[in-house]
Amino acid sequence: MVAVDLPESTRPAARRSPARGRRAAGRVLPLVPAFALIALFFLGPILWCVYASFTDVALTGATASTPHLVGLRNYRRMFSDPAFGQSLWLTVVFVLGSAVIGQNVGGMALALLMKSRHRIARAVVGAIVVGAWVMPELVAGFVWYAFLADDGTFNAILHAVGLHGKSWLYAMPLLSVIIANVWRGTAFSMLVYSAALSNVPEDLLEAAAVDGASSYRRLRHITLPLMRRAVMTNLMTITLQTLAVFTLIFVMTGGGPGTKTQTLPIYMYQSAFKFYQLGYGAALAIVLLAVGGVFSVVYLRMMREEV
C-alpha cells in the first residue's frame, strides 16, 4: 500500500478546522474595536430612534420620564399631516436641484474644464472651489444670508448698475438655498470626477479623434461610460449628504418664509425640539433614513449594470 499525501482542500474538515478558526479569529479580532464603535455611535442611536418612534416620548412633561408605547400613532399622524407631504416634496426637490443636477453637473463641468487648462488656472480655480467646500456649513449659511439679504451684497451690486433688487430670501427661498448648497458642495464632485478623468486612457480618446469623433461624441461614448462607477458613487454620496443638510437652510431661512423651505430635517428638528415631540420627530427621522435607503438602492442597482 502506498500512502498518498492529500492536498489541504481534500483533508477531513476536522483536521483543518482549528487552523482555519485561528486564522479567522486573527482576521476578525483587530476589527472588534471598530465594530464596537459603529454599534455604539451608529447602530445604537438608530435602534433607539426606531423604539422612540413607537412611543410618545417628549422633552418635557410626564412622558419625558415615563413614555408609553403608542404603536403606529406617530406614523398615522405623519402620513395624514399635509406639512409632512410638503416637507417630503421640498426635500426631493432640494436634493434633485442641488445634488443630482447642481453639484453633479457642476462638478463634471469643472473637472472637464480644469483638465484642459494651464496648471496655474487649475490651481486658482481649485483653491476657490475647494475653499467653499471646506468652509463650515454654519459660516457658509451666514455668507449666503449676507449676500442675498435685503441690504446684502447682491442687491448692492444691482443698485450700483442701475437695477432694482428684491428680497431674494422671501421671493425665491428654495432656489436661494439650492444655489447656496451647490456653491458649497460642488468641489467634492469636481475632485471625484477629476480623479476619474485621469484614469480614462488617452489613446482611446486620440483614436476616436483620429476617426473624426467630435468632443461631444468622445465625452458621451468613451469618457462617461468609463466613468460610470465614479458617477454613481458620487451621486449616492452627495445625495445622502444633501438629504441631511440642516444648518445651511436653518441659518438662511429657518425653514421659511412660512414653510417654503421646510425640508424633512427642518421639520424633524422643529417637531422634536421646538414642539418637544421627540416620538414624532423620531418617526420623521426613520422616514428620512428610508428615503436615503431608496436613493442608495437605486444607485447601487444602476452601478451593477455592465458598461
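Attention in this report is confined to the structure presented alongside it. All of these numbers come straight from a predicted model, not from anything done at the bench. (Residues numbered from 1 in each chain as written. Predicted model: local features only at pLDDT ≥ 70, side-chain atom pairs only at ≥ 80, totals over all residues. Heavy atoms only, no water.)

1. Overview of helix 12 (residues 228–243)
Then, in step 1: Here helix 12 contains 16 residues, and its C-alpha end-to-end distance of 22 Å stays within 8% of the 22 Å for a straight helix at 1.5 Å per residue.
Then, in step 2: Residues of helix 12 that are buried sit in contact with helix 4 (82–115), helix 9 (173–197), helix 14 (264–274) and helix 15 (278–304). (Helix = DSSP H or I, 4+ residues; strand = E, 2+ residues; numbered from the N terminus. Expected span 1.5 Å × (residues − 1). Contact = heavy atoms within 4.5 Å.)

2. Concerning the side chain of Arg-218
Then, in step 1: Here Arg-218 is to be found in helix 11 (residues 215–226).
Then, in step 2: Excluding anything up to four places from it in sequence, Arg-218 contacts Leu-205, Ala-208, Ala-209, Ala-213 and Thr-223.

3. Let's talk about the packing of aromatic side chains
Here the distance between the centres and the angle between the planes together describe a pair of aromatic rings.
Then, in step 1: Scanning the model with the defined rule gives 13 aromatic pairs in all.
Then, in step 2: Here the aromatic rings of Trp-144 and Trp-183 are separated by 5.8 Å at their centres, their planes lie at 70°, and the arrangement is edge-to-face. Here Trp-144 is found in helix 6 (residues 137–148), whereas its partner Trp-183 is found in helix 9, with 39 residues between them in sequence.
Then, in step 3: Exposure remark for Trp-183: the relative accessible area of 32% places this residue in the partly exposed category. (Phe/Tyr/Trp six-rings, centres within 6.5 Å; stacked < 30°, edge-to-face > 60°. Buried < 20%, exposed > 50% of the residue type's maximum accessible area, 1.4 Å probe, protein only.)

4. Quick word on the side chain of Ser-87
Then, in step 1: One can find Ser-87 in helix 4.
Then, in step 2: Ser-87 gets classed as buried once you look at its relative accessible area, which sits at 1%.
Then, in step 3: Engagement of the side chain of Ser-87 in a polar contact is seen with the backbone oxygen of Gln-262, the distance being 3.0 Å.
Then, in step 4: Not counting residues up to four positions away in its chain, the partners in contact with Ser-87 are Gln-262, Thr-263, Leu-264 and Tyr-267. (Polar contact = N/O pair within 3.5 Å; in protein donor to acceptor, adjacent residues only side chain to side chain.)

By themselves these figures say nothing about function.
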